[in-house]
Amino acid sequence: MAKPASEPPAKTFKGWVAHDATNPLVYTDFTPKPFTETDIEIRITHCGICGSDVHTLRSGWGPTNYPCVVGHEIVGIVERIGDKVPHLSSSAASASIRVGDRVGIGAQSGSCLRPDCEACADGQESYCTRMTGTYNGRYPDKSKSYGGYAARWRGPAHFAVKIPDALPSAEAAPLLCGGVTVFAPLRKWGAEPGKTVGVIGVGGLGHLGIQFAKALGADRVVAISRSSSKKADSIEGLGADAFIATGEEKGWAKTHARSIDILLSTVSGPGMPLGQYLRLLKRDGVFVQVGAPEEALPPLMAFSLIQKSVKITGSNIGSPEDIRQMLALAAEKRVLPWIQKRPMEDVNAALADMHDGKARYRYVLENGEVQAKL
């Protein structure tokens, strides 16, 4: 049920809290940001487990600000709306939010939103220098941001997006970070009719990259993985047109040279054969890195770039508008992640399985009725 307007916002929420980099998460109280007139509050029903959660929990990208509640693939029901949240807007009716709406929150829950900010003014809030991550960040009032491994979420309404009716909540959750992370660069760099797209890594990001490349209209999609263990999934299940097993196919870089327009890399590491990947690109091709490992990228010879005028670039999640357009396409073309549902209280075991690479291809945490009503 929606919270009566006269009822003051709760001072604490319940969630699965990390207190350090080594011990299991503990279900306990935490203090969310103060409720403001531009915020919403939701009852969380689902939250996807993202690789970013694992990196953050173990301080892999740098020191985490513990205590921390991770989770930035959040789906829930709106139960409170601040007075200055636009309920009706002729210019953005699809973006207006009402109590009872089913909404999602991705990896970002804050930016400056100033008209003189180039990123925010262009609708690219994820590149704002004052970006606030949905967890392990700070809002302008210095309060901490907490994520979706919890019963409730509170934060700026600007970064909440309504979920299309055609998308089930559990399947919608991984799209809010994983989905838009591959969708945004594919759309930007022209995954369209006449183009060939290669997706490196068939995992949580890659299996969505294959589907979105097809949904955007690419003529040919090539899945690339070290072994052929995911070939059937890629071609028969996800719709890829071809498969390259780099650890099994001798001379693969020469065989498939100059055959791909856009290479989307969802993986990386010191041993990644970056130079060989670039051989796959056509003249003026583009290599887009979206995976964010803890290690540095491999070194690169200048001629890998010079000889074909190729580009190496990266892409950072997506803006609220990117998420809206991505969800609309997913609903229209039935782009759905392959998920395994896990009870929220099973989060520590699910994280261990995620770390061990057991997910095929995303775990989604579900709140039970008792916990969700707390």
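The model shown is predicted, which means the values in this text are computed figures rather than measured ones.

K.L.:
Kindly report on the sheet that holds strand β13 (residues 260-265), identifying the contributing residues and their values.
P.N.:
Spatially, six strands are ordered β12-β11-β10-β13-β14-β15 in an open sheet, and the strand pairing comes out parallel. Bordering the open sheet on either side are β12 (242-245) and β15 (311-314), each of which pairs with just one other strand. Averaged over all neighbouring strand pairs, the angle between strand axes comes to 20°, with direction disregarded. Relative to β13, strand β10 (residues 196-200) is paired through four bridges, and the arrangement is parallel. When the bridges of β13 are listed, glycine 198 appears paired with leucine 263.

K.L.:
Mind laying out helix α10 (residues 320-333), listing which residues take part and the relevant values?
P.N.:
Here α10 is 14 residues long and its end C-alpha atoms lie 20 Å apart, about the 20 Å a rise of 1.5 Å per residue gives. Listing the buried residues of α10 in full gives Pro320, Asp322, Ile323, Met326, Leu327, Leu329, Ala330 and Ala331. Just downstream of α10, arginine 334 is the residue with a positive phi angle, here 55°.

K.L.:
Summarise the confidence of the model for the chain; cite the residues concerned and give the values.
P.N.:
The predicted model of the chain averages 93 in pLDDT, with 94% of residues at 70 or higher. Note that residues 88-94 has pLDDT below 50 and, in this model, four contacts with residues that lie over four places away or in other chains. Every residue in residues 370-374 scores below 50 in pLDDT, and together they form 14 contacts with partners more than four places removed in sequence or on other chains.

K.L.:
Help me get a handle on the packing of helix α4 (residues 178-188) against α10, residues and values and all.
P.N.:
In contact at an axis separation of 10 Å, α4 and α10 are set at 95° when each is read in the N-to-C sense. Classified by the angle between their axes, α4 and α10 sit roughly perpendicular to one another. For the pair formed by α4 and α10, the contact residues are Gly179, Val180, Phe183, Ala184 and Arg187 on the first element and Asp322, Ile323, Gln325, Met326 and Leu329 on the second. Per-class residue counts for the contact of α4 with α10 are six nonpolar, two polar and two charged.

The rules behind these values
Residues numbered from 1 in each chain as written. Predicted model: local features only at pLDDT ≥ 70, side-chain atom pairs only at ≥ 80, totals over all residues. Heavy atoms only, no water. Pairing = 2+ DSSP bridges. Helix = DSSP H or I, 4+ residues; strand = E, 2+ residues; numbered from the N terminus. Axes fitted to C-alpha atoms, helices over the stretch in contact; angles between N-to-C directions. Expected span 1.5 Å × (residues − 1). Buried < 20%, exposed > 50% of the residue type's maximum accessible area, 1.4 Å probe, protein only. pLDDT = per-residue confidence, 0-100. Contact = heavy atoms within 4.5 Å. Parallel < 35°, antiparallel > 145°, perpendicular 65-115°, else oblique. Nonpolar A, V, L, I, M, F, W, Y, C, P; charged D, E, K, R; others polar.

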